[in-house]
Amino acid sequence: MNNNLKFEPLYPDVLGAITGGTRINMDQLQVALGVFPQRTYLNQPVEMILILQNMVDETMQVKVGVQLPSEDKKGQPVVMDTPRKTLTLSLKPGEVGVLRTPIVPRPPTAAGTKFPVRVAVRFRTAKPGKVIRPPAGGAPPSILSVSSFKLQVLRDVPFSAHTWNQSTDIITSYFDIAPKIMPDLNTELKPQYESLWTHEDMAEERELVNSKVEDARRVSNGLTRSSVYLPFLAAIEERFANRDLPLHPGEAKAIAKMMTYTLDEGMELEPGFNMEESRWFQTLCQVLAHDESVEDWDKGTLAVRYLFEAVLFDSILLGFGVAQPKISENLGNDAEKISYANRILAWYAGQGQADLSYAYLPLVMGGIIINQFATVKSENPWIMLAELQEALKGRSKLFTGEAITIFKLTKTLLAGAEDSLRRSRIPRP
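Residues numbered from 1 in each chain as written. Predicted model: local features only at pLDDT ≥ 70, side-chain atom pairs only at ≥ 80, totals over all residues. Heavy atoms only, no water.

Quick word on the overall build of the chain
- Of regular secondary structure, the chain possesses twelve helices and twelve strands.
- Taking the principal axes of the C-alpha coordinates as reference, the chain spans close to 85 × 50 × 40 Å.
- By the burial criterion, 54% of the 429 residues in the chain qualify as buried.
- Taking contacts inside the chain between residues at least 6 apart in sequence as the whole, the part at least 24 apart equals 80%.
- Counting every atom, the chain has about 19800 Å² of accessible surface; 49% of that belongs to carbon and sulfur.
- Charged side chains of the chain number 47 positive and 50 negative; the gap between the two group centres comes to 5 Å. (Helix = DSSP H or I, 4+ residues; strand = E, 2+ residues; numbered from the N terminus. Buried < 20%, exposed > 50% of the residue type's maximum accessible area, 1.4 Å probe, protein only. Contact = heavy atoms within 4.5 Å. Areas by Shrake-Rupley, 256 points an atom, 1.4 Å probe, with all protein chains shown as cover. Lys, Arg positive; Asp, Glu negative; His and termini not counted. Charge placed at Lys NZ, Arg CZ, Asp CG, Glu CD.)

See the structure below:
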């Protein structure tokens, strides 16, 4: 292994490894809520299960408020016992844990469905802290502080991401009460908190990840345009639309090409970049440390499932790199570009509003520049440029304020790309 490698993987996504990706983003904290079992009897408990994932390298004070219904849908009284309505926890830097609180429905509560359990979560840190996990997911952990049996029990919980009144810090889950009264067990109700992963685990995590560098190099040879372009294109169309930014065909193709170029050869060809120092390569090492069998997966499936967000981050930085020499505008220094990339990833993870600039600067712009060299087999490079011209006609009125500059730059890059195809004597389809 290259001893000079700047190998500093991000902290693993423990919450996602449990919930399958379900999460509520609160900037520095991520949570997921579930109730298990989802059906019970009077005098029999269910558990409110709250996963908490500290996203920063600072200690975090978390206050959890449990809100239970006092009447049902028909206005009849509802009685539920729980040990405490408010709980306060302290999470270490990067810590992930699970809070369990029993809830027992009592007579005269009537049987029914979808009794809501609302949980209000507030948190604070002494200092803002550095973000140490990617906001939309990332690599799963190689090690955990709990047994595989406990982990499977948690994975069996149906976690939800329902918010109340569009408030991201009030989460709701539901359970049903069957028409039967069981004997009162008279057991003491106690909340329980268990740590699943702490920053102390990162040393072992890093050692395991470093041991997979050679394996990752081998796997990276299969991450080519023929294996990842079409899976990326389908994922981009779906995921951007899910975040309220539906794309025109040419826009989606340009972003897919920029991401494909980033995986295939771009990090080695473009000056100032290095594949093994990229976020996607280090994420791949983490994934292989978690599960060696991933090496045998279909490469497109691997790229979309585990590497998408890391490649998106690297593609933004690489996109700036390929775009800057082609335009007169100063696109900012390294710190500004990284900050912008993090803002796009935060939006992708569910924070903030969609902005058309996120698609164009620099992803679509970069895709235009590398289009001729990253075209997949049987696709004529003129097609994407024609589709982008059509997209810009429809988008022209949506670029306002400072974004007008992005619109003009894109038009200029399109004209230059078309001129390059003509000089290369590539015929139109």
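Regarding the pattern of salt bridges
- For the structure shown, the criterion picks out 20 salt bridges.
- A salt bridge links Arg 100 to Glu 47, with the shortest nitrogen-to-oxygen separation between them at 3.9 Å. Here the residue Arg 100 occupies a position in strand 8 (residues 96–106), and Glu 47 occupies one in strand 4 (residues 46–54), the gap between them amounting to 53 residues.
- Residue classification places Arg 100 among the buried residues on the basis of a relative accessible area of 14%.
- Between Glu 265 and Arg 225 there is a salt bridge, and its shortest N-O distance comes to 2.8 Å. Here Glu 265, found in helix 6 (residues 249–269), pairs with Arg 225, found in helix 5 (residues 225–242); they are 40 residues apart in sequence, far enough to count as distant.
- Note on Glu 265: relative accessible area 26%, which makes it partly exposed.
- Several salt bridges share partner residues, and in doing so they unite Lys 212, Asp 215, Arg 218, Glu 292 and Glu 295 into one network. (Salt bridge = Lys/Arg side-chain N within 4 Å of Asp/Glu carboxyl O.)

Regarding the environment of Ala 403
- Mapped onto the fold, Ala 403 is located in helix 12 (residues 403–423).
- Judged by relative accessible area, which is 14%, Ala 403 ranks as buried.
- C-alpha of Ala 403 to C-alpha of Leu 185: the two residues are 218 residues apart in sequence and 64 Å apart in space.

Some details on the confidence of the model for the chain
- Confidence in the prediction for the chain averages 93 pLDDT; 97% of positions are at 70 or higher.
- Across the chain, the secondary-structure element scoring lowest on mean pLDDT is strand 10 (residues 162–164), at 72, and the one scoring highest is strand 5 (residues 60–67), at 98.
- Considering only residues more than four positions removed or in separate chains, one finds that residues 1–5, a stretch of pLDDT under 50, has seven contacts. (pLDDT = per-residue confidence, 0-100.)

A closer look at the packing of helix 8 (residues 299–323) against helix 9 (residues 334–348)
- Contact geometry of helix 8 with helix 9 gives a least axis separation of 10 Å together with a crossing angle of 145°. By crossing handedness, the relation of helix 8 to helix 9 is classed as right-handed. Of the residues in helix 9, those in contact with Phe 308, Glu 309, Leu 312, Phe 313, Ile 316, Leu 317 and Phe 320 of helix 8 are Lys 337, Ile 338, Tyr 340, Ala 341, Asn 342, Ile 344, Leu 345 and Tyr 348. (Axes fitted to C-alpha atoms, helices over the stretch in contact; angles between N-to-C directions. Left-handed = near helix turned anticlockwise from the far one by under 90°.)

Overview of the layout of surface pockets
- A volume near 550 Å³ is recorded for the second largest pocket.
- Along its surface, the second largest pocket is lined by 25 residues, and Tyr 340, Asp 355, Ser 357, Leu 361 and Ile 406 are the ones closest to its centre.
- At the level of secondary structure, the elements contributing two or more residues to the lining of the second largest pocket comprise helix 9, helix 10 (356–370) and helix 12.
- Among the elements that line the lining of the second largest pocket, the one with the most residues is helix 9, at five residues.
- Among the residues forming the lining of the second largest pocket, the class breakdown is 13 nonpolar, five polar and seven charged. (1 Å grid on protein atoms, 1.4 Å probe; cavity = no way out; pocket = protein on both sides within 12 Å on 5 of 7 lines; lining within 4 Å. Points joined across faces, edges and corners; volume = space filled by probe spheres on them. Nonpolar A, V, L, I, M, F, W, Y, C, P; charged D, E, K, R; others polar.)

As for the nonpolar core
- Within the largest apolar cluster, 85 residues are counted, with the highest numbers of intra-cluster contacts made by Phe 232, Ile 236, Ile 255, Trp 280, Leu 284 and Tyr 360.
- If you tally residues by element for this core, the top one is helix 8, at 16 residues.
- Ranked by size, the runner-up nonpolar core spans 31 residues in total, among them Leu 52, Val 62, Met 80 and Ile 177. (Core = buried A, V, L, I, M, F, W, Y, C linked by side-chain atoms within 4.5 Å.)

Digging into the pairing of strand 7 (residues 86–91)
- Side-chain alternation along strand 7 places Leu 87, Leu 89 and Leu 91 on a buried face and Thr 86, Thr 88 and Ser 90 on a face that remains uncovered.
- By the bridge criterion, six bridges tie strand 5 to strand 7 in an arrangement that is antiparallel. Following the sheet pairing, Gln 61 is matched in strand 7 by Ser 90. (Pairing = 2+ DSSP bridges.)

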